[in-house]
Structure formats: C-alpha cells, structure tokens
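Next come the chains, spelled out residue by residue.
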Amino acid sequence: KKKADDLLDALRENKLIERLPITPLTLSLISILFDETDYEIPATITDIYAKFNDLVVGRAIVSSKIEYIDVNFRERILSIYGYHLMTRKDHQPLSYEDFIDFFVDKFADKSKQIKGGSFEEGLEYIVKNTGILYVKDNTYVCFAHDTYMEYYAAVEIFNFHREDECLLVENFFDMMWQNVAVFYAGITKDMDDFAKNINKKLKEAGII
C-alpha cells in the first residue's frame with residue numbers, strides 16, 4: 001500500500017495523473033516504470049509515453065512467433081498507423097482487413113525479406129497483444145486510447161514528416177492535434193521555431 005501511495009503522490013506532484021488514460025495497460029506500465037526507476041516519474045507526458053513505448057515494443061512482445069520483427073519496426077507500425085489515422089477524416093480507423101492490406105502494401109519489400117514467419121502474423125500479433133491496438137466490434141483496428149494515437153503520430157512526424165510540422169500549428173485549436181503538438185514538442189526538446197509559430201498562432205487568435 002505504501003508503494004501505491006508513493007506512486008500516486010509522485011503522479012500528482014508532476015500533475016500527470018489527469019493526463020494519462022486510465023487503462024489497465026497504462027496502470028501496469030506506470031507501476032513498472034515507478035518500480036524500476038527508484039520511484040522517479042519522468043518529468044513530461046512525452047517522456048512517460050516514450051518509456052511506455054520502450055516497454056510495449058521491447059518487452060511486451062516476446063513471443064517467438066514475432067521475434068523476426070525487430071523493435072524499431074514494431075514502433076514504426078504503431079507510429080505510421082497513428083499518423084495515418086490522425087490525417088484521415090474524423091480519424092476513422094481501418095478495418096482489420098484494410099489494416100493488413102495497408103501495411104503489406106507499404107512494406108512490400110520488407111515483408112518479403114522477413115524470416116521465420118509471415119508479415120501478416122506479425123501485424124496480427126501487434127494488434128492483438130500489445131494493448132496499444134485492439135479490434136473494435138470485430139471490425140476496426142483502433143488505438144486503445146486517443147492519446148496513444150496522438151503520441152505515435154508525433155513520433156512519426158518527428159522522425160519522418162518534419163514538413164508536416166505546419167499541420168501541428170494550423171490545427172492547434174483542434175484538441176487532438178494540440179495533443180500531438182505537445183507530444184511533438186516534448187520529443188524535439190529544442191523547439192524554438194516551433195514554439196514561435198505556436199505563439200504566433202495564439203497571438204493571431206487573441207489568446208495571448
């Protein structure tokens with residue numbers, strides 16, 4: 001009980017508890033992080049999600065069935081999908097069949113090079129066993145919480161679509177895009193130009 005109380009106190013002190021999705025996955029991951037880091041909670045929401053990502057793609061997926069898909073590739077599946085949904089109208093998720101087809105087409109060359117199992121099996125495992133994605137109504141591949149989608153979209157933009165930084169500014173008053181922008185800012189660390197563009201957006205709207 002003392003350890004649980006210490007964890008809650010740390011989360012409240014950092015004002016992060018209200019910004020985390022209260023799901024079994026999140027509670028389990030934050031407990032693991034808290035235990036492994038001598039009760040220190042990362043300072044920003046982005047740092048917490050980065051730690052979550054390390055656990056999910058590096059440890060949670062340990063089945064021999066998908067050992068042939070490396071950690072970076074697992075993260076890329078999640079980041080591409082988060083980015084894809086953020087840029088779709090109403091963030092509409094893909095059906096399971098379309099999800100598989102989308103990635104098989106996108107990684108046609110890589111999927112042919114994978115050894116030890118099929119590319120489709122790896123995708124299926126990521127959907128059904130990470131806790132980040134799930135199949136809704138036996139049809140749609142969804143993120144378990146919008147913040148997961150927003151975090152992975154920010155990762156994808158930072159790593160592969162810096163030209164889309166303008167989307168974060170243009171759509172800043174959309175709450176979901178604003179969350180992506182917050183995650184993105186946390187990833188960039190050095191973000192003078194980005195911050196200036198956000199401030200300009202706020203001034204033009206008469207907010208500051």
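Here, every reference points to the structure presented above.
Residues numbered from 1 in each chain as written. Predicted model: local features only at pLDDT ≥ 70, side-chain atom pairs only at ≥ 80, totals over all residues. Heavy atoms only, no water.

## Thoughts on a negative patch on the surface
We count it as follows: For patch detection, residues must exceed 30% relative accessible area and be free of salt bridges, and they are connected within 9 Å for like charges or within 5 Å for nonpolar side chains (Val, Leu, Ile, Met, Phe, Trp, Tyr). All accessibility values rest on the Shrake-Rupley procedure with a 1.4 Å probe; residue burial counts only the protein chains present in the view. Note on definitions: salt bridges are taken to be side-chain nitrogens of Lys or Arg within 4 Å of carboxyl oxygens of Asp or Glu. Under the counting rule used here, the positive set is Lys and Arg, the negative set is Asp and Glu, and His together with the chain ends is not counted. Positions of charges follow a simple convention, taking NZ of Lys, CZ of Arg, CG of Asp or CD of Glu. Only DSSP runs of H or I with at least four residues qualify as helices, and only runs of E with at least two residues qualify as strands; both kinds are numbered from the N terminus onward. Think of it in three bands: with a 1.4 Å probe and only protein chains considered, a residue is buried below 20% of the maximum accessible area for its type, exposed above 50%, and partly exposed in between.
A grouping of E97, D98, D101, D105, E120 and E121 is seen on the molecular surface, where their side chains present a negatively charged patch. Those elements that place two or more of their residues in the negative patch are α5 (96-106) and α7 (119-129). In terms of residues, the negative patch owes the most to one element, α5, which gives 4 residues. Relative to the elements of secondary structure, D98 occurs in helix α5. Judged by relative accessible area, which is 41%, D98 ranks as partly exposed.

## Here's the deal with the packing of aromatic side chains
Spelled out, the test is: Note on aromatic pairs: the rings of Phe, Tyr and Trp (six-membered ring only in Trp) are paired at centre separations within 6.5 Å, and the planes decide the class, stacked below 30 degrees, edge-to-face beyond 60, tilted for the rest. Two thresholds decide whether a charge sits over a ring: the Lys NZ or Arg CZ must be within 6 Å of the ring centre and within 35 degrees of the ring normal.
Counted according to the given criterion, the structure contains 15 aromatic pairs. With a centroid separation of 5.1 Å and 75° between ring planes, the pair formed by Y151 and Y152 is classed as edge-to-face. When sorted by exposure, Y151 lands in the same class as Y152, which is buried. Relative to F183, the ring of Y151 has its centre 5.5 Å away and its plane inclined at 80°; by these criteria the two rings are edge-to-face. Remark: F183 occurs in helix α10 (residues 175-188) and Y151 occurs in helix α8 (residues 146-160); sequence separation between them is 32 residues. One aromatic cluster in this structure is built from F73, Y81, F99, F102, F103, F107, F119, F143, Y151, Y152 and F183. Directly above the ring of F160 sits R76, whose terminal nitrogen or CZ lies 3.6 Å from the centroid. Just above the ring of Y96 sits the side chain of K128; from NZ or CZ to the centre is 5.6 Å.

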